[in-house]
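# Coordinate inspection notes
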Amino acid sequence: MDYLPNKIIEIKKSASLMSEEIIATRRHFHRNPEMSWRETETSLYIARRLEEWGLTDVRRGFGGTESGVVADLAGDAPGPCVALRADIDALPVFEKNDADWRSQNLGVMHACGHDAHMSALLAAAKILAAMKPDIRGRIRFIFQPAEEIGAPSGARAMIGEGVLDGVDAIGGMHVWSFVRAGLVQWKSGPVMASSDRFDIKFTGMGGHGAMPHDAIDPFVPTAAFVHAVQTIASREINPLEAVVVSIGKIAGGAVHNIIPDEVEIYGSIRAFNPEIRRTMEDRLRRVADGIASAHRCQCEVKVEYLVPSVTNDAPLTEVFRRAAVLAVGEGNVGESPHLMVSEDFSFFQEKIPGTFFFLGVGNPAIGADYPHHSPLFTIDESVLATGAALYAAFGLSALESLKSGLLKAHEPLKQP
Ligand code: NI
């Protein structure tokens, strides 16, 4: 009866014995960050370790690149298949930390903590590889490239190349610097927003700044649009639903006294509810078209759909929560708030039930409280062993739950 709790205690012990090794691996990755779709050396390093530990079907290189690794650990007894995923890419950030493991690749930095994800998942692979007789089924390790860039998404490419074939459920983790080190967070249902982007071009007729009546000024609808677009969230959407429209760039004009032909606006749309997400393009078009015609301009609206919202399967999330409580204790497990940021883990969840969980790595005493993507971002490495234990404990728990029928494979949420 106590099979699973005992195995999780075993996992926790192995992980804490490996703590130094996990930290060293994380520092190796941190020193050698690689940008999205260029994670060649990172992938080679991961593939070698996995082969060394006896994992099988090691595949490296996805999306026509040499980035990304997938490998299987087959237990001694047959059974279902659970995938564990870590993302592996870094960001175009000049690191300002002066630790001796700071980035050696100038202008590129693991400023989001993906180095932590990789080292924790690698350690989980090593721990579980030593527990093959206890594994009743198969665990697939997915080291995904290109999470940061949105499109082309690494998750999407890997799915297209079959990494989910035969997989029944998936789990993924993100470290958070704004959550205290060691606190584990779960959430059922939507937890991270969808992310899409738009380009809008207002075209008028250029002319002299002193004679605006002989021109059609595209800045006027641009200014009106910046204000009016906020009424979508504030006046059109139920205030209990979360939607954000942000403008990140406006481009147009050359000098003080020339009215240009056109101005372009670039922005981002975030939402939780897929139904609302689906309506956003029409709303943007209506506002932009109306403003353009009021000001005698033409307008073009392009919306690019990037990633759906991360929506966690409820029964699978409960399996994770119970495993986490066994691994770190009730006092270190809590519910995550909703987050307006996004993650392409959602593409996996469109195919199979998945749960995405969080591990706090924040510790102001050691400067580990800068936001993700900051040049001063850093983590409390002492919790990396917890990350490894969470991955491994979830993998084993999900396999057992699938096998016992507690967890039934069912349709994941469909999104546009
Ligand atoms: Ni990230």
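For the structure itself, consult the block above.
Residues numbered from 1 in each chain as written. Predicted model: local features only at pLDDT ≥ 70, side-chain atom pairs only at ≥ 80, totals over all residues. Heavy atoms only, no water.

### Looking at the nonpolar core
- Formed by 74 residues in total, the largest nonpolar core has its most connected members in Ile46, Leu50, Leu55, Leu128, Phe141, Phe143 and Tyr391.
- Ranked by residue count, the leading element in this core is helix H11 (residues 384-404), at 13 residues.
- When near neighbours in sequence (up to four residues on either side) are disregarded, tyrosine 391 contacts Leu84, Arg85, Ala86, His117, Ala120, Leu121, Ala124, Met173 and Phe357. (Core = buried A, V, L, I, M, F, W, Y, C linked by side-chain atoms within 4.5 Å. Buried < 20%, exposed > 50% of the residue type's maximum accessible area, 1.4 Å probe, protein only. Helix = DSSP H or I, 4+ residues; strand = E, 2+ residues; numbered from the N terminus. Contact = heavy atoms within 4.5 Å.)

### Observations regarding the side chain of arginine 277
- Mapped onto the secondary structure, arginine 277 falls in helix H8 (residues 274-294).
- Classification of arginine 277 by relative accessible area gives buried; the value is 3%.
- In terms of polar contacts, arginine 277 uses its side chain to reach the side chain of aspartate 196, at 2.7 Å.
- One polar contact links the side chain of arginine 277 to the main-chain carbonyl oxygen of valine 307, over a distance of 3.5 Å. (Polar contact = N/O pair within 3.5 Å; in protein donor to acceptor, adjacent residues only side chain to side chain.)

### Side note on unusual backbone geometry
- Residue proline 152 is reached from alanine 151 by a cis peptide bond, and omega for that bond is -5°.
- Looking at where proline 152 falls in the secondary structure, it is placed in the loop between strand S4 (136-144) and helix H5 (154-160).
- In the Ramachandran plot, aspartate 57 falls in the positive-phi region, its phi being about 50° despite a non-glycine side chain.
- Mapped onto the elements, aspartate 57 comes out in strand S1 (residues 56-60).
- We note that arginine 296 has phi near 60°; this positive angle belongs to a residue other than glycine.
- With respect to the helices and strands, the residue arginine 296 is situated in the loop between H8 and strand S13 (298-307).

### Examining the packing of helix H3 (residues 40-52) against helix H4 (residues 114-129)
- The N-to-C vectors of H3 and H4 enclose an angle of 15°; their axes lie 10 Å apart at closest approach. Between H3 and H4, the crossing angle belongs to the class labelled roughly parallel. Helix-helix and strand crossings are classified by hand; for H3 and H4 the assignment is right-handed. Contacts from Thr42, Tyr45, Ile46, Arg49 and Leu50 in H3 reach Met118, Leu122 and Ala125 in H4.
- Here the residues of the contact of H3 with H4 sort into 6 nonpolar, 1 polar and 1 charged. (Axes fitted to C-alpha atoms, helices over the stretch in contact; angles between N-to-C directions. Parallel < 35°, antiparallel > 145°, perpendicular 65-115°, else oblique. Left-handed = near helix turned anticlockwise from the far one by under 90°. Nonpolar A, V, L, I, M, F, W, Y, C, P; charged D, E, K, R; others polar.)

### What to know about the side chain of glutamate 147
- Looking at where glutamate 147 falls in the secondary structure, it is placed in the loop between S4 and H5.
- Buried charge without a partner: glutamate 147 forms no salt bridge, and the closest opposite charge is arginine 85, 5.3 Å away. (Lys, Arg positive; Asp, Glu negative; His and termini not counted. Salt bridge = Lys/Arg side-chain N within 4 Å of Asp/Glu carboxyl O.)

### A word on the environment of serine 19
- Its location among the elements puts serine 19 in helix H2 (residues 19-31).
- Residue classification places serine 19 among the buried residues on the basis of a relative accessible area of 16%.
- In this structure the C-alpha to C-alpha distance between serine 19 and valine 383, which are 364 residues apart in sequence, comes to 8.4 Å.

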